[in-house]
Amino acid sequence: MAVQAITKKELTQRTAFSLLVLATAIVAIPVLFIIIYIVVNGAGAISWEFLTQPPSQAGKAGGIFPAIVGTFYLMLGTLIFSLPVGVFAGIYLTEYARDNWLTRLINMAILNLAGVPSIVYGLFGLGLFVLTMKFGMSLLSASLTLACQALAMTITTSREAIIAVPRDYREGSLAVGATKWQTIRHVVMPQALPGIITGAILAMSRAAGETAPILVVGAAFIVAGLPSSPFDQFMALPYHLYTTAAHVPGMPKTTIWGIALVLLVVVLSFNSLAVFIRVRVRQRRFGS
Amino acid sequence: MLQRGASSATAHAGLAMSLKRRWRFREKAIESFIFLNGLLAVIILLGVLFLLLREGLPAFAYTSPLKFFFGTQWYPVSEPPTFGMLSFFAATLWVTLISTAVAVPIGVGCAAYLAEVAPSRVRETVKPVVELLAGIPSVVMGFIGLMLLSPLVQSAFNLNTGLSGLTAAIMLSMMSLPIIVSVSEDALRAVPNEFREASYALGATKWETIRHVCIPGALSGITAAIMLGVGRAIGETMTVLMVAGGALAVPLSPTEPMMPMTAAIASGIGNAVRGGLQYQALFAIGLILFLMTLSVNLIADRVLERQKQKFAR
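Rules and cut-offs
Residues numbered from 1 in each chain as written. Chains lettered and ligands numbered in written order. Predicted model: local features only at pLDDT ≥ 70, side-chain atom pairs only at ≥ 80, totals over all residues. Heavy atoms only, no water. Contact = heavy atoms within 4.5 Å. Buried area = accessible area lost by both parts, 1.4 Å probe. Salt bridge = Lys/Arg side-chain N within 4 Å of Asp/Glu carboxyl O. Polar contact = N/O pair within 3.5 Å; in protein donor to acceptor, adjacent residues only side chain to side chain. Helix = DSSP H or I, 4+ residues; strand = E, 2+ residues; numbered from the N terminus. 1 Å grid on protein atoms, 1.4 Å probe; cavity = no way out; pocket = protein on both sides within 12 Å on 5 of 7 lines; lining within 4 Å. Points joined across faces, edges and corners; volume = space filled by probe spheres on them. Nonpolar A, V, L, I, M, F, W, Y, C, P; charged D, E, K, R; others polar. Buried < 20%, exposed > 50% of the residue type's maximum accessible area, 1.4 Å probe, protein only. Phe/Tyr/Trp six-rings, centres within 6.5 Å; stacked < 30°, edge-to-face > 60°. Lys NZ or Arg CZ within 6 Å of the ring centre and 35° of its normal.

Peer 1: What is the right way to look at the interface of chain B and chain A in this model?
Peer 2: When the parts come together, some accessible area is lost, and that loss is often what is quoted as the size of the interface. Every contact between the two is made by 73 residues of chain B and, on the other side, 77 residues of chain A. When the two sides are added together, the surface that chain B and chain A hide from each other amounts to roughly 6,600 Å², 82% of it contributed by carbon and sulfur. The interface formed by chain B and chain A includes two salt bridges. With a closest N to O distance of 3.3 Å, Glu131(B) and Arg278(A) form a salt bridge. At the surface where chain B touches chain A, the tally comes to seven residue pairs in polar contact (both at pLDDT 80 or more). Per element, the largest residue contribution to the side of chain B that touches chain A is 21 residues, and it comes from helix H1 (residues 2–56) of chain B.

Quick look at the structure:
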């Protein structure tokens, strides 16, 4: 009887664990499948011409060079507008903020900023940057919009990086007579830098893949030439993928897969770079 | 000796004072500048709300809020235009409910495996894959849904088109998995080891411990994970725009083509005249969407806070 009870328990446990393994497989396998599928189908489209030429025949021929350039501009713009603010906000929250209602409000705002739907950021950018501030449908409007969206991430990662700097460093610096700002500037910041860079790279990678906001504030399907000023309209990889996949009849399939592949490579290589830096920093700090 | 030190100190006192004052001024200036940056998150969040109210509220002067929300006709360019968003809301509801129903058991199961059962080697392999999934842009997921999933759904359910709420929901469930897995896993890891040991000491198996000790202990964290996943699904735009089908009728079954709120905004805003009725109506949908995700996130935040306090020592 006792033996039987144990085996029954054992059986339940085995069944349950296999279900858990199954769940994990359902999470992991499609991801790998999708990535491999895109690589296999898109590889055929990749050529020197595809990467360095502007599109012709309404995107059906030629390359996607302006879209690649546009995406890099967007990443850069997002970085410029969201990183400094994010770092200063991170400094405020770790070094200056007291534990009071205002700090709680700021933290709550950061959390909710991360949850605002991307299309709502698009509406915000349209209403504020495009129409009220009259930046028009432009690279500038899009960068500012994406920067607002990226802010939650740059603040959070900066804050984590600054918190991780040991207290002793600060106390040592203050003890030899440095002011609070001198301590932050010369002691805390250099230590937190790798973590902050990780966050910046992640924010850029996110900006590269974001489609809904730029759809509203300034991306265009085909633009002649590269943007020459921040007030120009621009092409971008995710928007190009969306339009060619959903709106251009008779678009060669290989080309669309190629665009998806290029976008995926840009986004995931930046992601991996961030992970790489994070792992390296952790190893250096705690020993490997 | 002592006296000399004291006199030199008085000699330098003036200079030291002025230097100190300048430093103090500098510190104050820097502090206020940094404070302003710290406040920016609040300013932007309020700015978003303000802008949505400013551009969206006028829509309710044309269509009463009740008619706007419960109306089933969305004809922005007919004469006179009618704005009823019920079909968009119903579509969002279908897609969110189904994607959550699919993602939660899988995500929590995966989290339980990673946190409680998996050998560290497996964990170290699976976690980066989950992170990879979080990194895939939503437009790429939409494209995959368009190319790979929709033909499957079409033939499996014998539909006229594979572009349906169900297709979108399946893609969305994949996209909300990373956050569900990582937040649930953190919650499970926060359950103190003494709980597990006490359970083993009472003769429980590992599975019984997970089921009756770990998961109940992490329940509020898991709830928060689910809420965050729901928030993600409500707000996701590109995937539903590309694969949900975009039909305007009120969807009665998940296999129908439909147009969730995000897709309605994204597909309409390009043609809307700035400041016109349609423009205002789309901002009004944006306002409702914003309030929906805000409340979901606030609940998640509250629940997560409770989880943190539970095991805080």
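Peer 1: Quick question: what am I supposed to make of the layout of surface pockets here?
Peer 2: If you roll a probe as big as a water molecule over the atoms, it shows you where there is empty space left. Here the second largest pocket is characterised by a volume of approximately 420 Å³. In terms of lining, the second largest pocket is formed by 25 residues, of which the most central are Tyr242(A), His247(A), Leu241(B), Ala266(B) and Ser267(B). Those elements that provide at least two residues to the lining of the second largest pocket are helix H9 (212–217) and helix H10 (237–246) of chain A together with helix H11 (238–243) and helix H12 (261–268) of chain B. Examining the composition of the lining of the second largest pocket, we find that four residues originate from one element, H10(A), more than from any other. Taken together, the residues of the lining of the second largest pocket break down into 19 nonpolar, five polar and one charged.

Peer 1: Would you explain the pattern of salt bridges in this entry?
Peer 2: Opposite charge on two side chains permits pairing when their charged atoms draw close. For the structure on display, the rule yields twelve salt bridges over all chains. In this structure, Glu160(A) engages Arg159(A) in a salt bridge whose closest nitrogen and oxygen atoms are separated by 3.8 Å. Using a relative accessible area of 45% as the deciding quantity, one classes Glu160(A) as partly exposed. Among the residues examined, Arg159(A) registers a relative accessible area of 17% and is labelled buried. Across the pair Arg189(B) and Glu185(B) runs a salt bridge whose closest N-O atoms are separated by 3.1 Å. In this pair, Arg189(B) and Glu185(B) are both assigned in helix H7 (residues 165–190), four residues apart and thus about one turn of the helix distant. Classification of Arg189(B) as partly exposed rests on a relative accessible area of 40%.

Peer 1: Explain the packing of aromatic side chains here, please?
Peer 2: Under the counting rule described, the total for this entry stands at 17 aromatic pairs over all chains. Measuring from centroid to centroid gives 4.9 Å for Phe88(A) and Phe33(B), while their planes differ by 75°, and the two rings are edge-to-face. Remark: Phe33(B) occurs in helix H1 and Phe88(A) occurs in helix H3 (residues 65–96); the pair is interchain, linking two chains. Phe88(A) sits in the partly exposed class, given a relative accessible area of 21%. Ring geometry for Trp74(B) versus Phe83(B): centroids 5.2 Å apart, planes at 75°, classification edge-to-face. An identical accessibility class is assigned to Trp74(B) and Phe83(B); each is buried. Through a chain of ring-to-ring contacts, the aromatic side chains of Phe60(B), Tyr62(B), Phe68(B), Trp74(B), Phe83(B) and Phe88(B) assemble into a single cluster. Directly above the aromatic system of Tyr96(A) lies the positively charged group of Lys180(A), at a separation of 4.5 Å from the ring centroid.

Peer 1: Any chance you could explain unusual backbone geometry here in plain terms?
Peer 2: Among all residues except glycine, the phi angle is most often negative; among peptide bonds, the trans geometry is most common. In this structure, Pro80(B) follows Glu79(B) across a cis peptide bond, with omega equal to -5°. Position of Pro80(B) relative to the elements: it lies in the loop between strand S1 (74–75) and strand S2 (82–83). The backbone phi angle of Gln57(A) is positive, close to 50°, even though this residue is not glycine. Structurally, Gln57(A) is set in the loop between strand S1 (55–56) and strand S2 (61–62). For Gln57(A), a relative accessible area of 61% corresponds to the exposed category. A positive phi angle, near 60°, is found at Lys134(A), a position not held by glycine. Looking at the element boundaries, Lys134(A) is found in the loop between helix H5 (118–132) and helix H6 (139–163). Classification of Lys134(A) by relative accessible area gives exposed; the value is 67%.

The values reported here are purely geometric and, on their own, carry no functional implication.
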